[in-house]
Structures are given as structure tokens and as C-alpha cells.
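Tertiary structure, described
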Amino acid sequence: MSNSEVGIYLMFGSFDNYRLHSKKDEDMKNLVSKRTVVKGVLFQQTVQAIVAIILFTVTGNDGGPDADSRPSFLLLLRQFVIAMFILDTWQYFMHRYMHHNKFLYRHIHSQHHRLVVPYAFGALYNHPVEGLLLDTIGGALSFLLSGMTPRTSIFFFSFATIKTVDDHCGLWLPGNIFHILFRNNSAYHDVHHQLYGTKYNFSQPFFDIWDRILGTHMPYSIEKRAGGGLEARPAKDYKA
């Protein structure tokens, strides 16, 4: 996770009019300390880096042959789209299953939902087993099935990480390119982190296709929050 990227979100987080939750709610509603979150994220990144090195070594795909051949833009675009779809599909069904299986939710996925009010550097805070199942295996499948090279995968996974951080940043920034390109954004995922939305908006990190197809999409609107700032308010028919 890029320190500069997180720093930018932290800087914007000081402007209350961009926040989807107040700073007070962030401090009081979350069930885990920021120190613990940082330690958990660093551990996840270490594991993923080790798995990536092993994967590149085992496949014998170290990027050497790419030195003299540059794939076309259309090929790169196709690989990116395929990888995005594979990652989204894997994460949707695994994520949804972790919510519906009481054992998995209680002992594994609930760790991520200790962040009732998400923030940028908590994006990859989860149980090590979840990190392995959702992120590491999902990323490996995206890499292998899309046919991308290690060099291309660096750009893809950097993009995926930045998108995931943005989804958890708790901010609704004007002109945010991710909000323009994707309906699955910080407000969409914020709804999922709230009690009324835990059975909806499972899609991550790119599109909301599977939620819409399988009836787990919760519509919402961005409204001004009492006391300042903004709020993602779900449709009245959905909120309990």
C-alpha cells in the first residue's frame, strides 16, 4: 500500500465536508485500534509479497522474456479487463459466503467489520485466513487466468490496491476519477460496513455487476449529514 496515497487520503480526511462519517464516529464506533490495524495490514502485505515471489518463481515467469517484446495496448487492456472480472467474481462469492456462513463470519470476516467506519489504511485489515482466501488466491487466479506477465501484474495489482484503499477511505471527494468510472465506490462500500447493509453490496473491488444480477445491490443517495459532512443513505425500502 502506497504511503503517499494513504497520506493524501489522511490529508483530505481533515476536511469534514468530504467525510461520510464524523471523526468522532470514527474514533467511537470502530472496535479496533488504529495501531492494531496498521500491524495487521503490514502482516498481510508481507504475506502477499512472499506469495507473489513464490508464484513468479514456480511459473518460471520472471519477466525476462518481456525485455525485448512489448505487448500491445489492446492486449494489455484485454488482460486487465479479464483480471478485473476474475478478481471481482472470486471476491463476490467468497465475500458473500463469509457473511452467510455464521462460523466464517464470527471467526474470520468479522475482524474486517470491526471497522464500522472505514478509513484508508484499514482497507486491507482482515483476518490472515481471509487475506489468503480473498486477496492472495483471488489475485493469483487473476494473474494466471488473464495471461498477464509479472511486469503487467505489478501495474494491475497496484491499481487494484489503490481502488480498494479508495473504497475504504470514508470520503466523497469531488472529481474523484474512481467515482466517475465505477459505481462501486467509497459510498457503495460504506453502506456494506453499516449494520443495515451487511447483507448487501458484496461486490469488490471494481464493479457492482454481481450484486445487481443476484439481488444484493442496495441503492443509496449522498445526502448532507446533520452536523456537517455527507452521508450515504440507503433507499427507505432497504433500511431496517
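Residues numbered from 1 in each chain as written. Predicted model: local features only at pLDDT ≥ 70, side-chain atom pairs only at ≥ 80, totals over all residues. Heavy atoms only, no water.

1. So, the layout of surface pockets
If a probe the size of a water molecule is rolled over the atoms, the empty space left behind becomes visible. Worth spelling out the cut-off: Of the grid points, spaced at 1 Å and generated over the protein atoms alone, those admitting a 1.4 Å probe that cannot get out make up cavities, while open sets with protein on both sides within 12 Å along at least five of seven lines make up pockets; any residue with an atom within 4 Å of a point is treated as lining. Grid points are joined across faces, edges and corners, and a volume is the space filled by probe spheres set on the points. Numbered from the N terminus, helices here are DSSP runs of H or I no shorter than four residues, and strands are runs of E no shorter than two. Gly is placed with the polar residues, together with every amino acid not listed as nonpolar (Ala, Val, Leu, Ile, Met, Phe, Trp, Tyr, Cys and Pro) or charged (Asp, Glu, Lys and Arg).
In this structure, the largest pocket occupies an estimated 880 Å³ of space. Broken down by secondary-structure element, the contributors of at least two residues to the lining of the largest pocket are helix 3 (34–59), helix 4 (73–100), helix 6 (128–146), helix 7 (150–167) and helix 9 (186–193). Among the elements that make up the lining of the largest pocket, the one with the highest residue count is helix 7 (9 residues). Of the residues belonging to the lining of the largest pocket, the class tally is 17 nonpolar, 18 polar and 4 charged.

2. What about empty space enclosed by the protein?
Applying the stated criterion across every chain, the model contains 1 cavity of 30 Å³ or more. As a volume, the largest cavity reaches approximately 40 Å³. Considering the residues around the largest cavity, the lining is formed by Phe-85, Asp-88, Ser-203, Phe-207, Asp-208, Ile-209 and Trp-210. Mapped by element, the contributors of at least two residues to the lining of the largest cavity are helix 4 and helix 10 (209–214). Of the residues contributing to the lining of the largest cavity, the split by class is 4 nonpolar, 1 polar and 2 charged.

3. Observations concerning the packing of aromatic side chains
Formally: We call Phe, Tyr and Trp rings a pair once their centres come within 6.5 Å, taking the six-membered ring for Trp, and we label the pair stacked below 30 degrees between planes, edge-to-face above 60, and tilted otherwise. To sort residues, take the accessible area from a 1.4 Å probe on protein chains only and compare it with the maximum for the residue type: under 20% means buried, over 50% means exposed, and anything in between is partly exposed. Only when the NZ atom of a Lys or the CZ atom of an Arg is both within 6 Å of the ring centre and within 35 degrees of the ring normal do we say a charge sits over the ring.
Tallied over the entire structure, the rule returns 16 aromatic pairs. Arranged with centres 4.6 Å apart and planes meeting at 50°, the rings of Tyr-119 and Phe-121 form a pair that is tilted. Phe-121 sits in the buried class, given a relative accessible area of 17%. Every member of this aromatic cluster is reached through a ring pair, and the members are Phe-80, Phe-156, Phe-157, Phe-159, Phe-178, Phe-182, Phe-206 and Phe-207. The ring of Tyr-119 carries Lys-34 above its face, with NZ or CZ at 5.2 Å from the centroid. Between the NZ or CZ atom of Lys-163 and the centre of the ring of Phe-182, over which it lies, the distance is 5.1 Å.

4. What to know about the UniProt feature "transmembrane region" (unreviewed entry) in the protein
The condition is simple: UniProt positions are given in the numbering used here, feature names are shortened, and annotations may be inferred rather than shown by experiment.
UniProt marks residues 37–60 and 72–93 with the feature "transmembrane region" (unreviewed entry), using the numbering shown here. Annotated as residues 72–93, this span is 95% helix and 0% strand, and its ends, taken at the C-alpha atoms, are 32 Å apart.

5. As for a nonpolar patch on the surface
Here is the rule: Residues qualify for a patch when their relative accessible area is over 30% and they have no salt bridge, like charges being joined within 9 Å and the nonpolar side chains of Val, Leu, Ile, Met, Phe, Trp and Tyr within 5 Å. Areas reported as accessible are Shrake-Rupley estimates using a 1.4 Å probe. Residue values count occlusion only from the protein chains shown. Salt bridge criterion: a side-chain nitrogen from Lys or Arg within 4 Å of a carboxyl oxygen from Asp or Glu.
Where nonpolar side chains cluster on the molecular surface, the patch consists of Phe-73, Leu-74, Leu-77 and Val-81 and spans about 440 Å² of accessible area. Structurally, Val-81 is set in helix 4. Residue classification places Val-81 among the partly exposed positions, given a relative accessible area of 47%.

6. So, the pattern of salt bridges
Opposite charge on two side chains allows them to pair when their charged atoms are near. Using the criterion set out here, one finds 6 salt bridges in the structure. Taking the shortest distance from any N to any O, the salt bridge between Arg-233 and Glu-231 comes out at 3.1 Å. Residue Glu-231 is classed as partly exposed on the basis of its relative accessible area, which comes to 24%.

7. Describing helix 9
Note that an α-helix has 3.6 residues per turn; residues three or four places apart therefore point the same way. Rules: Any pair of N or O atoms that falls within 3.5 Å is considered a polar contact. Within protein, one atom must be able to donate a hydrogen and the other to accept it, and sequence-neighbouring residues count only if both atoms are side-chain atoms.
Burial analysis of helix 9 places 8 of its 8 residues in the buried class, the great majority of the element. Two or three places before Ala-187, at the opening of helix 9, Asn-185 has a side-chain oxygen 3.2 Å from that residue's backbone nitrogen.

8. Considering the nonpolar core
Selection criterion: What is meant by a nonpolar core is a set of buried Ala, Val, Leu, Ile, Met, Phe, Trp, Tyr and Cys residues, joined one to another through side-chain atoms within 4.5 Å.
Among the nonpolar cores identified, the biggest contains 13 residues, and Met-84, Leu-87, Met-148, Phe-156, Phe-182 and Phe-206 are the most heavily contacted of them. The set of elements that each furnish at least two residues to this core consists of helix 4, helix 6 and helix 7. For this core, the leading source of residues is helix 4, giving 4 residues.

9. Considerations on the environment of Leu-171
As for its placement among the helices and strands, Leu-171 is situated in the loop between helix 7 and helix 8 (177–181). Between the C-alpha atom of Leu-171 and that of Arg-19, which follows or precedes it by 152 residues, the distance is 4.6 Å.

10. A short note on the pairing of strand 2 (residues 230–234)
Condition: For two strands to be treated as a pair, DSSP must find no fewer than two bridges joining them.
The two faces of strand 2 differ: Leu-230, Ala-232 and Pro-234 on one face are buried, but Glu-231 and Arg-233 on the other face are not. Note that strand 1 (residues 220–224) and strand 2 share 5 bridges and pair antiparallel. Looking at strand 2, one finds that Glu-223 is bridged to Glu-231.

11. What to know about the packing of helix 4 against helix 6
Here is the rule: Structural elements are reduced to axes, namely lines fitted to C-alpha atoms, with helices fitted over the stretch in contact, and the angle between N-to-C directions of any two is expressed from 0 to 180 degrees. Relative orientations are named as follows: roughly parallel for angles under 35 degrees, roughly antiparallel for angles over 145 degrees, roughly perpendicular for angles from 65 to 115 degrees, and oblique for any other angle. Should the near helix be turned anticlockwise from the far one by less than a right angle, the crossing is left-handed, and should it be turned clockwise, the crossing is right-handed. Between two residues, a contact is recorded if the distance between any of their heavy atoms is within 4.5 Å.
In the contact formed by helix 4 and helix 6, the axes pass within 8 Å of each other and the chain directions differ by 155°. The orientation of helix 4 with respect to helix 6, classified from their angle, is roughly antiparallel. As for how helix 4 packs across helix 6, the hand of that crossing is right-handed. Contact with helix 4, carried on its side by Gln-79, Ile-82, Ala-83, Ile-86, Leu-87, Trp-90, Gln-91, Met-94, His-95 and Met-98, involves Glu-130, Leu-133, Leu-134, Asp-135, Ile-137, Gly-138, Gly-139, Leu-141, Ser-142, Leu-145 and Ser-146 of helix 6 and no other residues of that element. The residue makeup of the contact of helix 4 with helix 6, split by class, is 12 nonpolar, 7 polar and 2 charged.

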